[in-house]
Amino acid sequence: MSPQRSQNPSGRLSWRRLLGGLLAACLLLLLAVALSQGALADLLPSPIRNQAGFALHMIDVGQGQALLLTCGGKAAMVDTGLPDTSRQVTDYLLKQGVRQLDYLFITHPHSDHFGGARRVVETLGADVLIVPEYLSEEAALTTAGDWVGNTATPISVTQAGKQYALGEATITVLHPQAGNDIGDMNDLSLVLLVEYAGRRILLTGDLTENMEPALLPIGPVDVLQVAHHGSYTSSTQAFLEDVRPKYALISCGRNNEYGHPHNVVIARLEDVGAQIRRTDEEGTLLVRIVEGQIAVTSEN
Ligand SMILES: [Zn+2]
């Protein structure tokens, strides 16, 4: 035993511990900073690649709408919520293992739908931003370009009849038609029919009763994103009797100032036998389709 060690063994040990602790703290700090900027996103495991079947996430963004669709390792978003909740949205996507969007659909030019788009493309990137024709194709491209800033995201103006593959799922645009002259922005909403394993999901943005008749018949669907957060100016009885959803999903804020969803719409949905699920009551909603079986769960 050396005299030095016998005189002060604990002192030498403390230095080593202190240095080790400092190093560990620095590494943790670096990791936290990198994670917060999404820089390590590519190194993390990707749960969506290993996920069986199809999933639709109606992310709780308060009074707005943000939907994530995943299938076969591919990911798409339909709307991104308000700017205020954009960080919440990107955190959610990263947590789900989404690293890049194959498609980003924005249903119409209202900020409770496009407000989070910029952060989403800056954080993850999207192969293409898809929007409805608005005034003209040129005007639509300019408007959509503002939503995603200087991110050089390719933008495509879509129309009824176009189809997009998401793994084994197919997304078909039902509305609006090419060359439309629709004045009301809500009525410009992209209406998307998602089909997977014989199941049908209808996404309607904020479409109102003005445009519903022209879409019929659509026929029964398994899941309906109830239009315009459950507003009484959408979801007419005739429309709901045609689509007869098993599940009716409503994205709206707790105690929102618009009174969404409206009691009239709730009653109409109940009349056609829909099971109503709401983000203001349950938080984020998750629809899973695995081996043809459909299930809806919530985070609360
Ligand atoms: Zn809206």
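Just so it is clear, the model here is predicted, and its values are computed rather than measured. Residue numbers here run from 1 along each chain, matching the order of that chain's written sequence. Whole-chain, interface and lining totals are the exception, using all residues; otherwise, since this is a predicted model, local features are given only for residues with pLDDT of at least 70 and side-chain atom pairs are given and counted only at 80 or more. As a rule here, side-chain values come from all non-hydrogen atoms in the structure, and water together with hydrogens is ignored.

### Looking at the overall build of the protein chain
Item 1. Each helix is a run of DSSP H or I of at least 4 residues and each strand a run of E of at least 2, with the numbering of both proceeding from the N terminus. What the protein chain contains, in helices and strands, is 11 helices and 15 strands.
Item 2. In what follows, residue pairs with any heavy atoms lying within 4.5 Å of each other are defined as contacts. Considering only contacts in the protein chain between residues 6 or more positions apart, those separated by 24 or more positions represent 60%.
Item 3. Here the accessible surface of atoms and residues is derived via Shrake-Rupley with a 1.4 Å probe, and residues count as covered only by protein chains that are part of the display. Accessible area for the protein chain stands at about 14,200 Å²; split by element, carbon and sulfur atoms hold 51% of it.

### A closer look at the pairing of strand E10 (residues 199-203)
Item 1. Relative accessible area decides the class of each residue, using a 1.4 Å probe on protein chains only: under 20% of the type maximum gives buried, over 50% gives exposed, and in between gives partly exposed. The buried count for E10 comes to five of five residues, which makes it a mostly enclosed element.
Item 2. Along E10, one buried face is formed by Arg-199, Ile-201 and Leu-203 and the opposite face, lined by Arg-200 and Leu-202, is buried too.
Item 3. Relative to E10, strand E9 (residues 191-196) is paired through five bridges, and the arrangement is antiparallel. Pairing of Tyr-196 across the sheet is with Arg-199, part of E10.
Item 4. Remark: two residues form the turn of the hairpin made by E9 and E10, two consecutive strands paired antiparallel; Ala-197 in that turn has positive phi of roughly 50°.
Item 5. The pairing of E10 with strand E11 (residues 223-225) spans three bridges and is classified as parallel. Each residue of the ladder has a partner; that of Leu-203, found in E11, is Gln-225. At least two DSSP bridges between two strands are needed for those strands to be called paired.

### Here we look at the pairing of strand E7 (residues 163-166)
Item 1. Of the two faces of E7, only the one carrying Tyr-164 and Leu-166 is buried; Gln-163 and Ala-165 on the other face are not.
Item 2. Strand direction decides the pairing type here: E7 and strand E8 (residues 169-175), joined by four bridges, are antiparallel. Counterpart to Tyr-164 in the pairing with E8 is Ile-171.
Item 3. Hairpin remark: E7 followed by E8, antiparallel, with two residues in the connecting loop; positive phi at Gly-167, about 60°.

### Notes on the environment of Thr-123
Item 1. In this structure, Thr-123 sits in helix H6 (residues 117-123).
Item 2. A relative accessible area of 29% means that Thr-123 is categorised as partly exposed.
Item 3. A sequence separation of 36 residues divides Thr-123 from Arg-87, and the C-alpha atoms of the two residues are 9.5 Å apart.
Item 4. If sequence neighbours within four positions are ignored, Thr-123 has contacts with Thr-90 and Leu-94.

### Comments concerning the coordination of the zinc ion
Item 1. The donor definition counts N, O and S atoms within 2.8 Å of each metal and applies 3.2 Å to Na, K and Ca; water is not among these atoms, so some sites may look incomplete. Looking at the metal site, the zinc ion is ligated by Asp-112 (OD), His-113 (NE2), Asp-206 (OD) and His-229 (NE2), spaced 2.1 Å from it.
Item 2. What the four donor atoms of the zinc ion show is an angle range of 87 to 152° at the metal, which sorts the shape as irregular.
Item 3. Mapping the donors of the zinc ion onto the primary sequence gives the spacing D-H-x92-D-x22-H. One end of the pair, Asp-112, is in helix H5 (residues 111-114); the other, Asp-206, is in the loop between E10 and helix H8 (212-215), with 94 residues separating them in the sequence. For the pair Asp-112 and Asp-206, a shared accessibility class is recorded, and that class is buried. The rule is simple: four donors are tetrahedral if all their angles sit between 85 and 135 degrees, four are square planar and six octahedral if opposite donors span more than 155 degrees and the others lie between 65 and 115, and anything that fits none of that is irregular.

### Topic: the side chain of His-175
Item 1. Position of His-175 among the secondary structure elements: in strand E8.
Item 2. Looking at His-175, its side chain comes within polar contact range of the main-chain oxygen of Asp-187, at 2.8 Å.
Item 3. Beyond its immediate chain neighbours, meaning those up to four positions away, His-175 contacts Ala-160, Ile-182, Asp-187, Leu-188, Ser-189, Leu-190, Val-191, Leu-207, Met-211 and Leu-215. Two N or O atoms form a polar contact when they lie within 3.5 Å of each other; inside protein one atom must be a possible hydrogen donor and the other a possible acceptor, and for residues adjacent in sequence the pair counts only when both atoms belong to side chains.

### As for the nonpolar core
Buried together is how nonpolar side chains tend to be arranged in soluble globular proteins.
Item 1. One finds Ile-59, Met-77, Leu-93, Leu-104 and Leu-202 to be the most contacted residues of the largest nonpolar core, which totals 51 residues.
Item 2. With four residues, helix H4 (residues 86-95) is the largest single contributor of residues to this core.
Item 3. Once residues within four sequence positions are removed from consideration, Met-77 is found in contact with Ile-59, Ala-66, Leu-67, Leu-68, Val-89, Leu-93, Leu-101, Tyr-103, Leu-104, Phe-105 and Val-120.
Item 4. In these notes, a set of buried Ala, Val, Leu, Ile, Met, Phe, Trp, Tyr and Cys residues joined through side-chain atoms within 4.5 Å is what counts as a nonpolar core. Counting residues in each nonpolar core, the second largest holds 31 residues, with Met-58, Leu-166, Leu-249 and Ile-294 among its members.

### Describing the confidence of the model for the protein chain
Item 1. Scored by pLDDT, the protein chain has a mean of 90; 89% of the residues are at 70 or more.
Item 2. The predictor attaches a confidence to each residue, called pLDDT, with possible values from 0 through 100. When the criterion is pLDDT under 50, residues 1-6 qualifies, and its contacts beyond four places in sequence or with other chains add up to one contact.

### Let's talk about the sheet that holds strand E12 (residues 247-250)
Item 1. Ordered in space as E7-E8-E9-E10-E11-E12-E13, the seven strands form an open sheet in which the pairing is mixed. In this open sheet, the two edge strands, each paired with only one partner strand, are E7 and strand E13 (275-278). Across the sheet, the mean angle separating the axes of adjacent strands is 20° when strand polarity is ignored.
Item 2. Sheet topology places E12 next to E13; four bridges connect them, and they run parallel. From the neighbouring strand, Ile-250 faces E13, where its bridge partner is Arg-278.
Item 3. Orientation is described by axes fitted as lines to C-alpha atoms, over the contacting stretch for helices, and by angles from 0 to 180 degrees between their N-to-C directions. Its contacts with the sheet put helix H10 (residues 263-271) on E12 and E13, and the angle it makes with E13 is roughly 140°.

### Description of unusual backbone geometry
Trans is the common state for peptide bonds, and a negative phi is the common state for residues other than glycine.
Item 1. Geometrically, the link from His-175 to Pro-176 is a cis peptide bond, its omega value of 0° lying close to zero.
Item 2. Counting through the fold element by element, Pro-176 comes out in the loop between E8 and E9.
Item 3. With an omega of 0°, the peptide bond running from Leu-216 to Pro-217 counts as cis.
Item 4. You can see Pro-217 is positioned in the loop between H8 and E11.
Item 5. A positive phi is found at Asp-79, a non-glycine position, where the angle reads about 70°.

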